[in-house]
Amino acid sequence: MLANLLKHMVEMTGHRDHAMLDASILAALQELVGATRMRTLEIYHLDDELYMRRRAWLENGRIELLDEQEMLETEGELVTAYPELVACIAEHRMQATRLEPDGSSTMWLPIWLNDRISTCLELHSATPYSSQATHIIEGVLSVYRNYQNLLDYSERDSLTGLLNRKTFDECFSRLVANVGEQEVRSESPELPERRHAARPHAHWLGVIDIDHFKRINDRFGHLYGDEVLILVANLLRTSFRAQDRVFRFGGEEFVVLLRSATEDDARRIFERFRRQVEEHAFPQIGRVTVSIGFARISDQTPVVILGHADRALYHAKASGRNGVFQYDMLVESGLLASEASNEAVEFFFDPPA
C-alpha cells in the first residue's frame, strides 16, 4: 500500500496542467480505495447562480477527460440540485456526504483556494467508506489540493489575479489547434462530422487596452495606476462567461478568448464591457475608457490571429479610442488592407497611449 501511495504521489506532482492532475487523483483513488465512480467538477458562477460541470470522470474502470471543444458545448448543472454540497460550500466546509436510499453514498470534497472554490471532487460508493479509506482519501486530497493551488498560482498574474501571459500562450495554442481540427473535419467528407460543425458559432480573440494609461501613471502615480488595473480586471471577471478565458497580457493590455459565440454576440459582449468601464467611477481618477480589437479564431497560426486582433485595436486607438472594432469587418469595409504576414514575427504594435 505504501509503495502504491508513493507512486501516485510522485505521478500527481509530476504534471504541469490541471487535466492530467485530475486524471492522476482519479487513478490514485481507483487503486487505493477501490473507487469505481468519481468526477472532478469545475465550480463556477453564471448570472449569480452557482453551477458545476465535470472535467474528468471515472466510470466502468475508465478515466475520461473533457477536451477543450467538448467543454465549450457542455452545459453545467445547478449546484442547488445537491443541497448537501450547497450547505458545505456556504459553510466553507471540507466535506459533504449524502446517503442514498439504496445504502450507497455520495461524498463531495471541495478544493478551496483561500475563500474561493473552483474545483470539487465527487465520489460514489456502494457503501460508506471505512475510516481507513476516508483517511487515505483525505491524505491524497491534501496533495491534490496543494498542487492544484500551486498550479493555479503559477498561471495567474500577481497583481490582478487574472490568468497570465504564459497561460495565454498555452490556452490559445490549444484552442487554435482544436478549431483547425474542427474545420478540417467539417470540410472532409471522409471524416466523421462533429456535432458542432454546422453551428454558426465561432471563437474570438479580443485585445483590450486601457486608453491613456501612461497619463494616469504620470498624473496620479503608479499606485493609482495599479488600482485601475485591478478594477478593470474585476470588471473583466464579471463581464465574461464561465467558458471564456481572461488574461492580463502585460502592462495595461488584456486579452480575452471568447468561446462559442456568433459575431453579433461577440461584438455585443465586447461592447457591453467597454460601456461598463466607461460608466465605472474610478476613485480619484474619474473616467477611464478602453479600446478593443477582436478577430475570429480560425485555422490560421496564432501569430496571424494575434496580428489581426492587434491591427483592429490599433484602428480603435487611431479612431479616437473608446471603441470596439472587428478585423474582418474593417478589411471588408476597406478601412484595413488584408496583408500577407511573416508568421515568424509577432504582430504587436505600439499604439499611441
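Thresholds, definitions, all that
- Residues numbered from 1 in each chain as written.
- Predicted model: local features only at pLDDT ≥ 70, side-chain atom pairs only at ≥ 80, totals over all residues.
- Heavy atoms only, no water.
- Pairing = 2+ DSSP bridges.
- Helix = DSSP H or I, 4+ residues; strand = E, 2+ residues; numbered from the N terminus.
- Axes fitted to C-alpha atoms, helices over the stretch in contact; angles between N-to-C directions.
- Left-handed = near helix turned anticlockwise from the far one by under 90°.
- Contact = heavy atoms within 4.5 Å.
- Nonpolar A, V, L, I, M, F, W, Y, C, P; charged D, E, K, R; others polar.
- pLDDT = per-residue confidence, 0-100.
- Core = buried A, V, L, I, M, F, W, Y, C linked by side-chain atoms within 4.5 Å.
- Buried < 20%, exposed > 50% of the residue type's maximum accessible area, 1.4 Å probe, protein only.

**A few points about the sheet that holds strand 11 (residues 290-297)**
For step 1, the next point in the chain: Taken together, the five strands give an open sheet; going across it, the order is 9-10-8-11-12, and neighbouring strands pair in mixed fashion. Looking at strand neighbours, the two that pair on one side only are strand 9 (245-250) and strand 12 (324-326), the edges of this open sheet. Each neighbouring strand pair of the sheet contributes to a mean axis angle of 20°, computed without reference to strand direction.
For step 2, the next point in the chain: Taken together, the five bridges between strand 9 and strand 10 (residues 253-261) define a ladder with antiparallel strand orientation.

**So, the packing of helix 8 (residues 222-239) against helix 9 (residues 263-279)**
For step 1, the next point in the chain: As a packed pair, helix 8 and helix 9 sit with axes 10 Å apart at the nearest point and diverge in direction by 140°. Between helix 8 and helix 9 the crossing geometry is right-handed. Here Val-232, Leu-235, Leu-236 and Ser-239 of helix 8 come into contact with helix 9, specifically with Arg-272, Phe-273, Gln-276 and Val-277.
For step 2, the next point in the chain: Classifying every residue of the contact of helix 8 with helix 9 gives five nonpolar, two polar and one charged.

**As for the side chain of Gln-148**
For step 1, the next point in the chain: Looking at where Gln-148 falls in the secondary structure, it is placed in helix 5 (residues 131-154).
For step 2, the next point in the chain: Gln-148 has contacts with His-18, Leu-21, Asp-22, Arg-55, Ile-111 and Thr-119, leaving out every residue within four places of it along the chain.

**A short note on the confidence of the model for the protein chain**
For step 1, the next point in the chain: Of the residues in the protein chain, 84% reach a pLDDT of 70 or more, and the chain-wide mean stands at 86.
For step 2, the next point in the chain: Throughout residues 191-199 the model reports pLDDT below 50, and contacts reaching past four residues in sequence, or to other chains, amount to 14 contacts.
For step 3, the next point in the chain: Predicted confidence is poor over residues 341-351, with pLDDT under 50, and the contacts of this stretch with residues over four places away or in other chains come to 21 contacts.

**Topic: the nonpolar core**
For step 1, the next point in the chain: Ranked by internal contacts, the top residues of the largest apolar core, which has 32 residues, are Ile-210, Val-228, Leu-236, Phe-240, Phe-273 and Phe-282.
For step 2, the next point in the chain: Going through the elements one at a time, strand 8 (202-210), helix 7 (213-220), helix 8, strand 10, helix 9 and strand 11 are the ones with two or more residues in this core.
For step 3, the next point in the chain: Sort the elements by how many residues they give to this core and helix 8 lands first, with seven residues.
For step 4, the next point in the chain: Not counting the four nearest positions on each side in its chain, Phe-282 is found in contact with Val-228, Leu-231, Val-232, Leu-235, Val-277 and Val-288.
For step 5, the next point in the chain: Counting 26 residues, the second-largest nonpolar core is a separate cluster that includes Leu-21, Leu-32, Leu-109 and Ile-111.

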